[in-house]
Amino acid sequence: MRYSNAKMTGSVSQAPASVATVGSRPALVGAVSDIILAVTERQIAPGETACFPFIARTAYGIPSIHEFNVISDNPNFNPEWVRLGRSAGDSYGPHYILEISPGNIGRSQYGAYPLRLSWRADGTYRHAGGRCTLIIRPCVRAVTEPAVTIWPTGQVCLMLENRGSIGIDVSVSIRHRGSDWSKEWEFDLPAKDDPFSFAGRFDPPAGKRSGDFELAVSAAGVPLLRRTVHARRSLIPRRLISDIRASA
């Protein structure tokens, strides 16, 4: 089985030019081992499962799932989230799947987890590794599109919903493109059934009420939405019209 339209990544390690034995498996001279991941990034919410299919090729036989190891630079990573299994293979090499299933997590455990998947049999001179990233996002969504006005007073209005079991830190910011002006709000989004309404006012400096503004919303440090607000002057005096469009 081949993975179409997938970004493949992995690392290659070459054994020294000598013959060694791992249990009953002979090691070949100049043998090469590698791990090739079919996808390199997954984004999930607590209770969901991230799946990373991969291929392991070694010159020492078919690796056991017990010979793989998963580590992360993020100290909040929990090894108990990890499950490894076999899937159907082909002539290219045996296929495996890495599954990450975060359960009930704390506020500090949202965010990005750079992962390193490695294979190491007995001995220290044979190893292969692949890298991928897990992003755990909170169960937060925007109920409606944000409403932004620039004139006569700047204002951002949002309706957010937290479907998780704990409060989430939310950041809302708006900045003027072409200058260093920006405004940011931070607040706690409680876990409740009804949507949460946020309204923030801002007053751009003189001469900064036209042009493009960028609105960004993040929850627990994970980007939630980003919009471009284009403020253009109309023919009606003292009025500024704002158009919102999604950023690419």
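Quick summary incoming for the structure in this document. (Residues numbered from 1 in each chain as written. Predicted model: local features only at pLDDT ≥ 70, side-chain atom pairs only at ≥ 80, totals over all residues. Heavy atoms only, no water.)

Moving on to the overall build of the protein chain. When helices and strands are counted, the protein chain shows zero helices and 20 strands. Counting all 248 residues of the protein chain, 40% fall into the buried class. Expressed as a percentage of contacts within the protein chain between residues at least 6 apart in sequence, the contacts between residues at least 24 apart total 60%. Surface exposure of the protein chain reaches about 13,200 Å², of which carbon and sulfur atoms provide 49%. (Helix = DSSP H or I, 4+ residues; strand = E, 2+ residues; numbered from the N terminus. Buried < 20%, exposed > 50% of the residue type's maximum accessible area, 1.4 Å probe, protein only. Contact = heavy atoms within 4.5 Å. Areas by Shrake-Rupley, 256 points an atom, 1.4 Å probe, with all protein chains shown as cover.)

What follows covers the packing of aromatic side chains. Scanning the entire structure with this criterion turns up 12 aromatic pairs. Centroid distance Trp-81 to Tyr-113: 5.6 Å. Interplanar angle 75°. Geometry classified as edge-to-face. With a gap of 32 residues between them, Trp-81 in the loop between strand 7 (68-72) and strand 8 (82-90) and Tyr-113 in strand 10 (residues 111-119) connect regions that are remote in the sequence. Assigned by exposure class, Trp-81 and Tyr-113 land together as buried. Aromatic side chains Trp-181 and Phe-202 sit 5.7 Å apart centroid to centroid with 45° between the ring planes, which places their arrangement in the tilted category. Residue Trp-181 is found in the loop between strand 15 (168-176) and strand 16 (182-189), and its partner Phe-202 is found in strand 17 (residues 196-202); the two are separated by 21 residues along the sequence. As far as the burial class goes, Trp-181 and Phe-202 line up, both buried. (Phe/Tyr/Trp six-rings, centres within 6.5 Å; stacked < 30°, edge-to-face > 60°.)

This brings us to unusual backbone geometry. At Ala-220, a residue that is not glycine, the phi angle is positive and equals roughly 55°. Within the secondary structure, Ala-220 is located in the loop between strand 18 (211-219) and strand 19 (222-233). Using a relative accessible area of 21% as the deciding quantity, one classes Ala-220 as partly exposed.

Below, the discussion takes up the pairing of strand 18. Most of strand 18 sits inside the fold, with seven of its nine residues counted as buried. Pairing of strand 15 with strand 18 involves seven bridges; the strand directions are antiparallel. Bridge pairing in strand 18 places Val-170 opposite Ala-219. (Pairing = 2+ DSSP bridges.)

Right, let's talk about the nonpolar core for a bit. By size, the foremost hydrophobic cluster in this structure holds 47 residues, and its most contacted members are Val-156, Val-172 and Ile-174. Residue contacts for Val-156: discarding those within four places in its chain leaves Ala-147, Val-148, Val-172, Ile-174, Trp-185, Phe-198, Ala-199, Gly-200, Phe-202 and Leu-215. (Core = buried A, V, L, I, M, F, W, Y, C linked by side-chain atoms within 4.5 Å.)

A separate point is the pattern of salt bridges. The tally for this structure, following the rule as stated, stands at nine salt bridges. Residue Arg-177 is joined to Glu-214 by a salt bridge in which the shortest nitrogen-to-oxygen separation is 3.1 Å. Of this pair, Arg-177 sits in the loop between strand 15 and strand 16 while Glu-214 sits in strand 18, and the two are 37 residues apart along the sequence. Take Arg-177: its relative accessible area is 34%, and that puts it in the partly exposed class. On the basis of relative accessibility, which here comes to 12%, the residue Glu-214 falls in the buried class. (Salt bridge = Lys/Arg side-chain N within 4 Å of Asp/Glu carboxyl O.)

The topology assignment puts Ala-147 in strand 13 (residues 147-149). Through-space distance from the C-alpha of Ala-147 to that of Cys-157 is 5.1 Å; in sequence the pair is 10 residues apart.

On to the environment of Gly-164, then. Of note, Gly-164 is situated in the loop between strand 14 (154-162) and strand 15. Gly-164 sits in the partly exposed class, given a relative accessible area of 26%. Between the alpha carbons of Gly-164 and Ala-45 there is a distance of 9.3 Å; along the sequence they are 119 residues apart.

Glancing now at the side chain of His-176. Looking at the secondary structure, you find His-176 in strand 15. The contacts of His-176, once residues within four sequence positions are left out, are Trp-181, Lys-208, Ser-210, Asp-212 and Phe-213.

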